[in-house]
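Listed below, chain by chain, are the residues.
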Amino acid sequence: MIRKLTKNDHAMVLSFLSEEPSINLFIIGDLEVFGYDSDFQEIWAEFDQQGEIKAVLLKFYQSFIPYAKGEFNVNEFVSIITSYSQPFFMSGKSDIVEKFEAFQELKLGKKQETFFAECKSTEKLEETNMEIKKATLDDIEKILLIRKSIEEFQIRDDAAEMLRSSMETNTARSYYTEEDGQMTACVSTTAENSISAMIVGVCTRKEYRRKGLATAIMQKLFKDVLNEGKVLCLFYDNPEAGRIYKRLGFKDIGMWTMYR
């Protein structure tokens, strides 16, 4: 049986998702922030014969995230998705998302696959004497300026609005170093929820690289988040970056696929 969930199902669905808190970071965060009655967010679940959840499908605007622990009714989830207007975007654990790839009616766009890693311990993190600051709403412009200086980053037109909203709802934070009033390196979280947080926006201005700034910031930020009892996770597709993260305690837990 598949049905749409309501706030009365929250404890059950959170228990189901919390067994893999990093993989389900986006679903958990969206449910905690936007709930079950939003006009842009909905979630469905498939139940087994014992009434236990076996799979969920989250809709956030035009983006869908499926999650399951075993076999599930892919056809029925596809029917739910196609009942909405195009375009459809999809992301999730690669072995789950690939079950949707054969359905031409979804018209999934460009595929991107990245490594997914998580960190649960501060064991490999060291202390730093470097002055590291936590960003406030007044620092949003500086954060966007340093991100725009990185060729690999794509900055959305509504980035400032999104960052402000995330900081105001405590679903994102940024730590940084600066020199002469200019932000020299920055690391951020996003999609923070009660049990997990995603690391994003790791960047250093070109002229300040190879000085260990980003690594020092990460160690400070990682410790603070982990000491709150949360699990850290991140995407990476650069092997060199992967080696740095693993030295700081991250371990690969799978692949993540995005269709845009």
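About the thresholds
Residues numbered from 1 in each chain as written. Predicted model: local features only at pLDDT ≥ 70, side-chain atom pairs only at ≥ 80, totals over all residues. Heavy atoms only, no water. Helix = DSSP H or I, 4+ residues; strand = E, 2+ residues; numbered from the N terminus. Buried < 20%, exposed > 50% of the residue type's maximum accessible area, 1.4 Å probe, protein only. Axes fitted to C-alpha atoms, helices over the stretch in contact; angles between N-to-C directions. Parallel < 35°, antiparallel > 145°, perpendicular 65-115°, else oblique. Left-handed = near helix turned anticlockwise from the far one by under 90°. Contact = heavy atoms within 4.5 Å. Nonpolar A, V, L, I, M, F, W, Y, C, P; charged D, E, K, R; others polar. Phe/Tyr/Trp six-rings, centres within 6.5 Å; stacked < 30°, edge-to-face > 60°. Lys NZ or Arg CZ within 6 Å of the ring centre and 35° of its normal.

A.B. asks: Hey, could you run me through the environment of Glu192 in this one?
C.D. replies: Looking at the secondary structure, you find Glu192 in the loop between strand E9 (182-190) and strand E10 (196-204). The buried category is assigned to Glu192, whose relative accessible area is 4%. Here the alpha-carbon distance between Glu192 and Leu232, two residues 40 residues apart in the chain, equals 9.3 Å.

A.B. asks: When you look at the packing of helix H5 (residues 140-148) against helix H6 (residues 159-168) in this model, what are you seeing that I'm missing?
C.D. replies: The geometry of a pair of packed helices is captured by two quantities: the angle between their axes and the separation between those axes. Direction vectors running N to C along H5 and H6 enclose 130 degrees, while the axes themselves pass 10 Å from each other. The pairing of H5 with H6 is recorded here as oblique in orientation. The element H5 and its partner H6 pack so that their crossing is right-handed. Counting all contacts with H5, which are made through Ile140, Ile143 and Leu144, the residues of H6 involved are Ala159, Ala160, Leu163, Arg164 and Met167. Looking at the contact of H5 with H6 residue by residue, the class counts come to seven nonpolar, no polar and one charged.

A.B. asks: For this particular structure, what's the right way to read the packing of aromatic side chains?
C.D. replies: One pair of aromatic rings is described through two measures. These are the centre distance and the angle between the planes. Tallied over the full model, the rule gives 20 aromatic pairs. Residues Phe26 and Phe235 carry aromatic rings whose centres are separated by 6.2 Å and whose planes lie at 25 degrees to one another, so their mutual orientation is stacked. Linking Phe26 in helix H2 (residues 25-34) with Phe235 in strand E11 (residues 231-236), this pair joins segments that are 209 residues apart in sequence. For Phe26, a relative accessible area of 23% gives the class partly exposed. What makes Phe235 partly exposed here is its relative accessible area of 25%. Between Phe34 and Phe40 the ring centres are 5.1 Å apart and the planes differ by 75 degrees, which places this aromatic pair in the edge-to-face class. Here the aromatic cluster, defined as three or more aromatic residues joined through ring pairs, consists of Phe115, Phe222, Tyr236, Tyr245 and Phe250. Geometry around Tyr84 places Lys59 over its ring, the cationic atom sitting 4.8 Å from the centre.

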